[in-house]
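A closer look at the structure
Chain by chain, the residues run as shown.
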Amino acid sequence: DMQCTDVFHFCACRTEVRPRVARPFSVVVAIDFGTTSSGYAFSFTEDPETIHMMRRWEGGDPGVANQKSPTCLLLTPDLRFHSFGFAARDSYHDLDPEEARHWLYFDKFKMKIHSTSDLTMETELESVSGRRVPAIEVFAHALRFFREHVLKEVKDQSSSVLEGNEVRWVITVPAVWRQPAKQFMREAAYLAGLVTPDSPDQLLIALEPEAASLYCRKLHLHQVIDLSQRPIINGLDVEGSHPFDSSFRQAREQLRRARHSRTFLVESGTGELWSEMQTGDRYIVADCGGGTVDLTVHQIEQPQGTLKELYKASGGPYGAVGVDLAFEAMLCQIFGADFIESFKAKRPAAWVDLTIAFEARKRTAAPGRANSLNISLPFSFIDFYKRHRGQSVETALRKSNMNFIKWSSQGMLRLSAEAMNQLFQPTINNIIKHVENLMQKEEVKDVRFLFLVGGFAESPMLQRAAQNALGRNCRIIIPHDVGLTILKGAVLFGLDPTVVRVRRCPLTYGVGVLNRFVEGRHPRDKLLIKDGREWCTDILDRFVSVDQSVALGEVVRRSYTPARMGQRKIIINIYCSDTDDITYITDPGVRKCGAITLDLLESGAVAASAGDNDKGSAIERREIRTTMQFGDTEIKVTAVDVATGQLVRASIDFLSN
């Protein structure tokens, strides 16, 4: 393993006046669990300026210099963990085709969590060969693998003995993920043994673009590519202009050198890029990953240097995987969807090989590239097709009338530049459209800086499209080590999670309550008569509204009273909505999304025996004051019994809906 000391320094142009938090942890470990690739980094709290990147792992793609490892998992036929990353890919490839059908190989499985609308602990994932297992177990296997790797490496680097409770773990998720998905990640981490459920503060869920933002604002100008520094003649771009291409070559070279170094130095303060920003220090971070694209708008608050979110997180499933899916759709068009399906089922390992071959080519695609890209088809594909269809792959290509895909005598699919363009176009258009929509919002209108981060931001196809579409009204900046931006930012977040001071609510949250019935204002079908009084049911009591600013320590308080003597639990259903113009929990667009449980038994809040009638009245009016926090990356709840001052065990659950 090469140990050059290409250590990165950040200048301290502005010192941040914020007290250092007393830290009970001795090391912070961040896991960037990505759709296509994953990795980890860590930092010791007594030397927080140094971020250690993960070791380069065994195995690797020819042509893909990457410090992260592919997010792939291989389980044995009896569902035991076998391998993760390159090792999983290679082992799966080496299995006998008959045998491979019984093994379980998973890749890009994180997207399933994004796309499932009713995620629970029982949600299942399908392996390439079609067998299904609970998703939570797949995630736990992967996290357990990271845990072992990380702890071994941290121990190698540290002189003192590490206790389990000295590690603070940070796991990154897309900002557009809803609460259930974040809770799912947390449950997977509990299952994997990263932390125990009774010390939840040892695990932070970090939002990917937020982490990227923390890292970006520390950047030094020589650590970024500024897409706007390119020659313009008469206001027109010089297509394929040399300086632009050579700056890319330089950037790639720097990227290559940086990859050999595994230690990054982060100095305190914010980088000089910011001292250039006259526009009130506001900027957009577009995190373009494998699965999702996530947009966040931040403002740096002076003098503390904290961050404030200006608009709720937006984005969607427009990551680089879209290009892979387009390639698969193209294969279906040429060879027939039924053939591709049965090839996947019967020759799963060969199918994975084909997707890997495409992936490597996808990374080399660049605008203005004239020559075609060759993708070798696995022999078993050619053979299987001939037996299945009674005609050759070559004939199928000829008949498909796709003139920009040819067959080469070496057994290759030749994709012309035009074909590659068509595969990228829909995904890239989605990203650009999303950024343009965001830039039209009132709160975002005059933001002049756009950071492109995440693995997909390395693609010259995306860079050129972004510059052409958006370069007129903002500066587009790409950190050199763009695929690792989130990982490093997540470590910074773990060292000080209070740095993001204000966030925006992604949804309106509230509960259903009874109000006094008002004739003429409330509809008759909501009328409930109880103890001779007229009540209106199903009124939404709002906790927070969509896109409302919520600061870190800000709380929402409500009091709840048990409905009857000796009640053991109070369960309060939580409802949410994408819009705020709602009155009742039955309105269209309102859905039940979770529940708060107050455990009265634990805290002795239940009456000892119903026989003590004289005391009964005091107990019946027992008030449980509940406090909710919406300013963090996850929604938190605590409760106290007002009469006794005792804490009541309170939990909030979004997964068992």
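Just so it is clear, the structure is predicted and the values come from calculations on it, not from any experiment.

Turning our attention to the overall build of the protein chain. Tallying secondary structure elements over the protein chain gives 17 helices and 34 strands in all. Per-residue burial over the protein chain gives 54% buried out of 657 residues. Excluding contacts between residues fewer than 6 apart, the proportion of contacts in the protein chain whose partners are at least 24 apart in sequence is 73%. With an accessible surface of roughly 28,700 Å², the protein chain has 50% of that area assigned to carbon and sulfur atoms.

Of the positions making up helix 1 (residues 86-94), those classed as buried are Phe86, Ala88, Arg89 and Tyr92. An end-on view of helix 1 places all buried positions within 165° of arc, on one side of the element. Against strand 4 (69-70), strand 5 (72-75), strand 6 (81-84), helix 2 (97-100), strand 7 (104-107) and helix 11 (348-364) lie the buried residues of helix 1.

A few words now on the sheet that holds strand 23 (residues 475-479). The strand order 12-23-22-16-17-18-24-28 describes an open sheet built from 8 strands, whose pairing is mixed. The two strands at the open ends of the sheet, each matched to only one other strand, are strand 12 (224-226) and strand 28 (549-551). Direction aside, neighbouring strands of the sheet carry axes that sit 25° apart on average. Inspection of the sheet shows strand 17 (residues 293-301) paired to strand 18 (residues 306-316) by 8 bridges, in the antiparallel sense. Bridge pairing in strand 18 places Leu295 opposite Ser314. Lying over the sheet, helix 6 (residues 208-216) contacts strand 16 (282-288), strand 17, strand 18, strand 22 (449-453), strand 23 and strand 24 (500-504), oriented at roughly 125° with respect to strand 16.

Interaxial distance between helix 4 (residues 135-157) and helix 5 (residues 179-191) falls to 8 Å at its minimum, and their mutual angle equals 60°. Regarding the angle of helix 4 to helix 5, the classification is oblique. The chirality of how helix 4 crosses helix 5 is right-handed. For the pair helix 4 and helix 5, contact is made by Ala135, Ile136, Phe139, Ala140, Leu143 and Arg144 and by Phe184, Met185, Glu187, Ala188, Ala189 and Leu191, respectively. Of the residues contributing to the contact of helix 4 with helix 5, the split by class is 10 nonpolar, no polar and 2 charged.

Chain-level pLDDT for the protein chain is 82 on average; 83% of the residues reach the 70-or-more range. Scored below 50 in pLDDT, residues 1-22 makes 68 contacts in the model with residues more than four places away or belonging to other chains. Segment residues 231-246: pLDDT under 50, and 16 contacts once partners within four positions in sequence are set aside and those in other chains are kept.

For the rest of this paragraph, the subject is the packing of aromatic side chains. Counting across every chain of the model gives 25 aromatic pairs. Relative to Phe654, the ring of Tyr509 has its centre 6.5 Å away and its plane inclined at 70°; by these criteria the two rings are edge-to-face. You can see Tyr509 sitting in strand 25 (residues 508-516) and its partner Phe654 sitting in the segment after strand 34 (647-653), a full 145 residues away along the chain. One cation-aromatic arrangement involves Lys110 over Trp177; the distance from NZ or CZ to the ring centre is 5.5 Å. Of note, Lys526 hangs over the ring of Tyr584, and the distance from its end group to the ring centre comes to 5.3 Å.

Residue placement: Val352 occurs in helix 11. Note on Val352: relative accessible area 4%, which makes it buried. Sequence separation between Val352 and Val128 is 224 residues, and the spatial gap between their C-alpha atoms is 8.4 Å. Setting aside its immediate chain neighbours within four residues, Val352 contacts Tyr92, Tyr105 and Val128.

Mapped onto the elements of the fold, Trp177 is located in the loop between strand 10 (167-173) and helix 5. For the pair Trp177 and Gly315, spaced 138 residues apart in sequence, the C-alpha to C-alpha distance is 9.7 Å. Apart from residues lying up to four places away in sequence, Trp177 is in contact with Lys110, Ile113, His114, Lys182 and Met185. Polar side-chain contacts of Trp177 include one of 3.4 Å to the side chain of His114.

Apart from glycine, the bulk of residues carry a negative phi angle, and the bulk of peptide bonds sit in the trans form. In this structure, Asp531 takes a positive phi of about 50° despite not being glycine. Looking at the secondary structure, you find Asp531 in the loop between strand 26 (527-530) and strand 27 (533-544). The class of Asp531 is exposed, set by a relative accessible area of 75%.

Glancing now at the pairing of strand 26. The pairing of strand 26 with strand 27 spans 4 bridges and is classified as antiparallel. Its bridge partner lying in strand 27, Leu527 is registered against Cys536. Here strand 26 folds back onto strand 27, and the loop between the two strands holds 2 residues, one of which, Asp531, carries a positive phi near 50°.

Reading the values: rules and limits
- Residues numbered from 1 in each chain as written.
- Predicted model: local features only at pLDDT ≥ 70, side-chain atom pairs only at ≥ 80, totals over all residues.
- Heavy atoms only, no water.
- Helix = DSSP H or I, 4+ residues; strand = E, 2+ residues; numbered from the N terminus.
- Buried < 20%, exposed > 50% of the residue type's maximum accessible area, 1.4 Å probe, protein only.
- Contact = heavy atoms within 4.5 Å.
- Areas by Shrake-Rupley, 256 points an atom, 1.4 Å probe, with all protein chains shown as cover.
- Arc of directions from axis to C-beta.
- Pairing = 2+ DSSP bridges.
- Axes fitted to C-alpha atoms, helices over the stretch in contact; angles between N-to-C directions.
- Parallel < 35°, antiparallel > 145°, perpendicular 65-115°, else oblique.
- Left-handed = near helix turned anticlockwise from the far one by under 90°.
- Nonpolar A, V, L, I, M, F, W, Y, C, P; charged D, E, K, R; others polar.
- pLDDT = per-residue confidence, 0-100.
- Phe/Tyr/Trp six-rings, centres within 6.5 Å; stacked < 30°, edge-to-face > 60°.
- Lys NZ or Arg CZ within 6 Å of the ring centre and 35° of its normal.
- Polar contact = N/O pair within 3.5 Å; in protein donor to acceptor, adjacent residues only side chain to side chain.

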